[in-house]
Amino acid sequence: MSRNKIIIIALACLIIAGGVIYSGLLNSNEITYTTLANSSIGTVEVGISGNANASKCIAIITGIHPRETLSIEPEIQAAKEYGNDDVKIINYKVTVTQNPQDYDKGRANGESLVHDYVNPSIMESDVDAVIIDEASMMDLLLMGALCDAMKPGTRLILVGDADQLPSVGPGAVLKEIINSGVVPVVRLDHVFRQSAGS
């Protein structure tokens, strides 16, 4: 066999092996979800990723607002990086099916799903931290119910834009928490979701 054929065969084997390894890495980041609830207004699915035997456990609640989907994967990735391979991540994926494009009704339905299904599940879990995406949309009733569901010592991390429209229900919870000056606040000053010209 000539030297060129041996080199081509070796390169083909390396490319195939690299593809198999890369595919395995992609699949290791995938989360398998099970249905926690399925109601007339939507579903709540639960997926666990990270290290199942970890000493830290973080719950992430995503999809409360049915039109906000861009931040779900980055939040899961940030939680994994925070845990340095020593974190179990429980993602509660809320999917509103009734009136998802109606701003007020869709958000109210997302909050109802969290209140009815996610909060009781968190109450039974061993989470060390709960991360809420789009927290500007939480009203006083949902925030109160969530805080009641959390065990003492559980960290609450609110992610959102206080300058967005407030919740459909009573209270601008995120804005008032930020304005209180009682809790640490981190402000991002760079927009990552849009191009510079938009």
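Our structure is the block above this text.
The text that follows walks through the structure, step by step, so that each part is easy to find. (Residues numbered from 1 in each chain as written. Predicted model: local features only at pLDDT ≥ 70, side-chain atom pairs only at ≥ 80, totals over all residues. Heavy atoms only, no water.)

Notes on unusual backbone geometry
Keep this limit in mind: Secondary structure elements are taken from DSSP: a helix is a run of H or I of four residues or more, a strand is a run of E of two residues or more, and numbering for both begins at the N terminus.
A positive phi angle is found at N99, which is not glycine, with a value near 60°. Checked against the element boundaries, N99 lands in the loop between β4 (87-96) and α3 (103-124).

A closer look at α3
Just so we agree on the cut-off: A helix's residues, less one, multiplied by 1.5 Å, set its expected span. Here the bend at each residue means the angle between axes fitted to two seven-residue stretches, the one ending at that residue and the one beginning there. In this scheme, a residue with accessible area under 20% of its type's maximum is buried, one over 50% is exposed, and one in between is partly exposed, where area comes from a 1.4 Å probe on protein chains only. Two N or O atoms form a polar contact when they lie within 3.5 Å of each other; inside protein one atom must be a possible hydrogen donor and the other a possible acceptor, and for residues adjacent in sequence the pair counts only when both atoms belong to side chains.
For α3, which comprises 22 residues, the first-to-last C-alpha distance of 31 Å matches the rise-based estimate of 32 Å (1.5 Å per residue) to within 8%. At V118, α3 shows its maximal bend, which comes to roughly 35°, and the proline P120 appears one to four places after that position. Taken together, the buried positions of α3 are occupied by G106, R107, N109, G110, E111, L113, V114, V118, N119, S121 and I122. Its side-chain oxygen 2.9 Å from the backbone nitrogen of K105, D102 forms the N-cap of α3.

Some remarks on the pairing of strand β2 (residues 42-50)
Heads up, the rule is: Strands were regarded as paired on the criterion that DSSP finds at least two bridges between them.
As defined by bridge partners, strand β1 (residues 33-38) adjoins β2 across five bridges and the pair is classed as antiparallel. Bridging across to β2, N38 finds its partner in T43. Connecting the antiparallel pair β1 and β2 is a turn made up of three residues. With nine bridges connecting them, β2 and β4 associate as antiparallel partners. Residue T43 lies in a different strand from β4, and its bridge partner there is T95.

Focus: the side chain of N109
Quick reminder of the rule: By the convention used here, residues are in contact when the closest approach between their heavy atoms is within 4.5 Å.
Note on placement: N109 falls in helix α3. Judged by its relative accessible area of 11%, N109 falls in the buried class. Look past the residues within four positions of N109 in its chain and what remains in contact with it is I41, V96, Q98 and N99.

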